[in-house]
Amino acid sequence: MKTIPPRRAVYAGSFDPPTLGHLWMIKEAQALFDELVVAIGINPEKRNTYTIDERRAMLEAITGDFPNVRICVFENRFLVRYAREIGAGFIVRGIRSAADYEYERSMRYINSDLAPEISTVFLMPPREIAEVSSTMVKGLVGPDGWRDMIRRYLPEAVYDKIVRDHDKTANDGASR
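Residues numbered from 1 in each chain as written. Predicted model: local features only at pLDDT ≥ 70, side-chain atom pairs only at ≥ 80, totals over all residues. Heavy atoms only, no water.

Our working rule: UniProt positions are given in the numbering used here, feature names are shortened, and annotations may be inferred rather than shown by experiment.
Where an unreviewed UniProt entry is consulted, the protein chain appears under the name Phosphopantetheine adenylyltransferase, with the organism given as Neisseria sicca ATCC 29256. Quoted straight from UniProt, the Function (unreviewed entry) entry for the protein chain says "Reversibly transfers an adenylyl group from ATP to 4'-phosphopantetheine, yielding dephospho-CoA (dPCoA) and pyrophosphate." Check the Cofactor (unreviewed entry) section of the UniProt entry for the protein chain; it says "Mg(2+)".

In structure tokens:
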């Protein structure tokens, strides 16, 4: 009797911090595949707000209900090569806008040149979270009323961490 290999997919990003858009993608993708590897990509060109350990902890906190989700880190590799290394037959990508589509379409063709056996699956989030990005959320932190503004874009565990970190930084600054 032949054993069927698990349908494994990888969903990669910086997740700095993870948003409701990321969580929606994870929830949808994990329902489609036997295993979903959520891969935190390290981009040396990008200045991150949260450390790898903090991002991993936030992702673990918000994906605990999904037994088929694994959080990993990768760096200095093309995503498609990382997917091949971990035995993933699929790369999951989100499309939020026409610009995302054009970029992701080009990347899909490049990836298929490098690893034709790996398919790219595109998911389109619902309208109410389609414009949410980590950069947008970080840009909202600080001005009066920011807590109410970002609460609607973040999973509770991520929201709580951002508020704690902000309050700690504000208190540390006030005590100096």
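### Focus: the pattern of salt bridges
This is how the line gets drawn: For this document, the term salt bridge refers to a Lys or Arg side-chain nitrogen within 4 Å of an Asp or Glu carboxyl oxygen. The numbering of helices and of strands both runs from the N terminus, where a helix is a DSSP run of H or I of at least 4 residues and a strand a run of E of at least 2.
Scanning the entire structure with this criterion turns up 11 salt bridges. We note a salt bridge from Arg77 to Glu85, for which the minimum N-O separation is 2.8 Å. Asp167 is the partner of Arg147 in a salt bridge, and the nearest nitrogen-oxygen pair spans 2.2 Å. Highlighted residues: Arg147 in helix 6 (residues 146-151) and Asp167 in helix 7 (residues 156-174), separated in sequence by 20 residues. Taken together, the shared-partner salt bridges connect Arg8, Glu35 and Arg70 into one network.

### Some points on the packing of aromatic side chains
Two numbers describe a pair of aromatic rings. These are the distance of the centres and the angle of the planes. Rules: Working definition: rings of Phe, Tyr and Trp (its six-membered ring) pair if their centres are within 6.5 Å, and the pair is stacked with planes under 30 degrees apart, edge-to-face with planes over 60 apart, and tilted otherwise. Remark: exposure states derive from per-residue accessible area (1.4 Å probe, protein chains only) relative to the maximum for the residue type, with buried under 20%, exposed over 50%, and partly exposed in between.
Across all of its chains, the model carries 3 aromatic pairs by this definition. With a centroid separation of 4.9 Å and an interplanar angle of 45°, the aromatic rings of Phe33 and Phe90 are classed as tilted. Of this pair, Phe33 sits in the loop between helix 1 (20-32) and strand 2 (35-42) while Phe90 sits in strand 4 (residues 90-94), and the two are 57 residues apart along the sequence. Just as Phe33 is buried, Phe90 falls in that class too. Here the aromatic rings of Phe74 and Tyr82 are separated by 4.6 Å at their centres, their planes lie at 15°, and the arrangement is stacked. No difference in accessibility class separates Phe74 from Tyr82, as the two residues are buried.

### Overview of helix 1
The test is simple: A helix is expected to span 1.5 Å for every residue after the first. In protein, a polar contact means a hydrogen-donor-capable atom and an acceptor-capable atom, both N or O and within 3.5 Å, with residues adjacent in sequence counting only if both atoms are side-chain atoms; elsewhere, any N or O pair within 3.5 Å suffices.
In this model, helix 1 (13 residues) spans 19 Å end to end at C-alpha, consistent with the 18 Å of a helix rising 1.5 Å per residue. Listed in full, the buried residues belonging to helix 1 are Gly21, His22, Leu23, Met25, Ile26, Ala29 and Gln30. By the N-cap criterion, in which a side-chain oxygen at the helix start approaches the backbone nitrogen of a residue two or three places on, helix 1 is capped by Thr19, the distance to Gly21 being 3.1 Å.

### A closer look at the environment of Ala170
The topology assignment puts Ala170 in helix 7. Considering only alpha carbons, one finds Ala170 and Arg151, 19 residues apart in sequence, at a separation of 19 Å.

### Focus on the sheet that holds strand 2
Working definition: the strands of a sheet are paired by backbone hydrogen bonds and lie parallel or antiparallel to each other. For the record, the criterion: Pairing between strands is defined by DSSP: at least two bridges between the two strands are required. Axis geometry follows a simple rule: fit a line to the C-alpha atoms, using only the stretch in contact for helices, then measure angles between N-to-C directions, giving values from 0 to 180 degrees. Any pair of residues with heavy atoms lying within 4.5 Å of one another is described as a contacting pair.
Across the sheet, which stays open at both edges, the 5 strands sit in the order 3-2-1-4-5 with parallel pairing between neighbours. Every other strand in the sheet has two partners, leaving strand 3 (69-75) and strand 5 (119-123) as the edge strands with one partner each. Put simply, the sheet's adjacent strands are angled 30° from each other on average, direction ignored. Here strand 1 (residues 8-13) runs beside strand 2; their pairing, made up of 6 bridges, is parallel. Each residue of the ladder has a partner; that of Tyr11, found in strand 2, is Val38. Strands strand 1, strand 2, strand 3, strand 4 and strand 5 of the sheet are contacted by helix 1, whose axis makes an angle of about 130° with strand 5.

### Details of the nonpolar core
Put simply, the test is: Buried Ala, Val, Leu, Ile, Met, Phe, Trp, Tyr and Cys residues that are joined via side-chain atoms within 4.5 Å together make up what is termed a nonpolar core.
Core analysis: the biggest nonpolar cluster contains 32 residues, and Ile26, Leu36, Val38, Leu59 and Val92 have the highest contact counts within it. Grouped together as the second largest cluster of nonpolar side chains are 15 residues, Ala12, Phe74, Val80 and Ala115 included.

### A look at the UniProt feature "binding site: substrate" (unreviewed entry) in the protein chain
Mapped onto this numbering, the UniProt entry annotates "binding site: substrate" (unreviewed entry) at Ser14, Lys46, Leu79 and Arg93. Residue position: Ser14 is located in the loop between strand 1 and helix 1. For Ser14, a relative accessible area of 19% puts it in the buried group. Apart from the residues within four sequence positions on either side, Ser14 is in contact with Ile40, Gly41, Lys46, Asn48 and Arg55. Looking at where Lys46 falls in the secondary structure, it is placed in the loop between strand 2 and helix 2 (52-63).

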